Structure formats: C-alpha cells, structure tokens
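# Chains, contacts and geometry: an overview
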Amino acid sequence: TGFPAVASAGWNCGIGSPNSHLQLLLPRRLVEDSLVPHGHLSEVAQRCGVHIVLAEFVREDVRTLTLTGSVAANALAVLQ
C-alpha cells in the first residue's frame, strides 16, 4: 500500500530560535529497507544541513523521522 510522508504539527519556530523541528511519518519498511541501509538519510542530512533522528514506532508499520534545521533546510530535505 502506498503511504505518503505526512508532516505533523511539529514546527517549533520560536522567536530567536534558528532551528525548527519537522516530524515525518514514514513507512517502516521504506526507512529500514531502503533509506537507512543505502545512506539516503545521511546524504540528505549532509546536503541540506539538517539533523535527522529516527524515533520510536508510532505503529508497527510506521516510523517517526524528525528533521532539525532551519525552516528552509527542512523544506529542502523533504523535497529530496
């Protein structure tokens, strides 16, 4: 089944804060079978200047991925 990335209400763009946090919900199999082993997440983090953290399972088939960086860097990372 197709499962598009879903942006949650994870923006944290406080005054004086250069970083924002964007949480994405991604299919577990996509993350564990493709994005992590093939280095795609590392490449996106390096190219876009964001920090990427994989969080615990939301559901058995879904992983939470958090991007931390400027709003523009997070937006660029999502487009990769």
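Here, every reference points to the structure presented above.
A few points on the structure.

### A word on the overall build of the chain
The helix and strand tally for the chain stands at three helices and four strands. Secondary structure elements in the chain, listed N-terminal to C-terminal, are β-β-α-α-β-β-α. The buried share of the chain, taken over its 80 residues, is 32%. Across the chain, contacts joining residues at least 24 apart in sequence account for 51% of those joining residues at least 6 apart. Roughly 5200 Å² of accessible area belongs to the chain as shown, and the carbon and sulfur atoms make up 57% of that amount.

### Considering the nonpolar core
Core analysis: the largest hydrophobic core is formed by 15 residues, its most contacted members being L24, L26, V50, I52, L65, L67 and A77. Of all the elements in the fold, those that place two or more residues in this core are β2 (20-27), α1 (28-35), α2 (40-48), β4 (62-69) and α3 (71-79). No other element matches α2, which puts four residues into this core. Among all residues touching I52, those that are not within four sequence positions of it are L41, V44, A45, L65, T66 and L67.

### Describing the layout of surface pockets
Gaps left between atoms show up when a probe the size of a water molecule is rolled over them. Of the volumes computed, that of the largest pocket is approximately 330 Å³. L35, L41, V44, A77 and Q80 are the residues nearest the centre of the largest pocket, which is lined by 17 residues in total. When contributions to the lining of the largest pocket are tallied by element, the ones reaching two or more residues are β2, α1, α2, β4 and α3. Per-element tally for the lining of the largest pocket: the top contributor is α2, with six residues. When the residues that make up the lining of the largest pocket are grouped by side-chain class, the tally is 13 nonpolar, two polar and two charged.

### Topic: the environment of V36
When you line up the elements, V36 lands in the loop between α1 and α2. Between the C-alpha atoms of V36 and L54, which are 18 residues apart in sequence, the distance is 9.9 Å. For V36, the contacting residues outside a window of four places in its chain are V31, L41 and L54.

Parameters at a glance
- Residues numbered from 1 in each chain as written.
- Predicted model: local features only at pLDDT ≥ 70, side-chain atom pairs only at ≥ 80, totals over all residues.
- Heavy atoms only, no water.
- Helix = DSSP H or I, 4+ residues; strand = E, 2+ residues; numbered from the N terminus.
- Buried < 20%, exposed > 50% of the residue type's maximum accessible area, 1.4 Å probe, protein only.
- Contact = heavy atoms within 4.5 Å.
- Areas by Shrake-Rupley, 256 points an atom, 1.4 Å probe, with all protein chains shown as cover.
- Core = buried A, V, L, I, M, F, W, Y, C linked by side-chain atoms within 4.5 Å.
- 1 Å grid on protein atoms, 1.4 Å probe; cavity = no way out; pocket = protein on both sides within 12 Å on 5 of 7 lines; lining within 4 Å.
- Points joined across faces, edges and corners; volume = space filled by probe spheres on them.
- Nonpolar A, V, L, I, M, F, W, Y, C, P; charged D, E, K, R; others polar.

The analysis is restricted to geometry; functional conclusions fall outside its scope.
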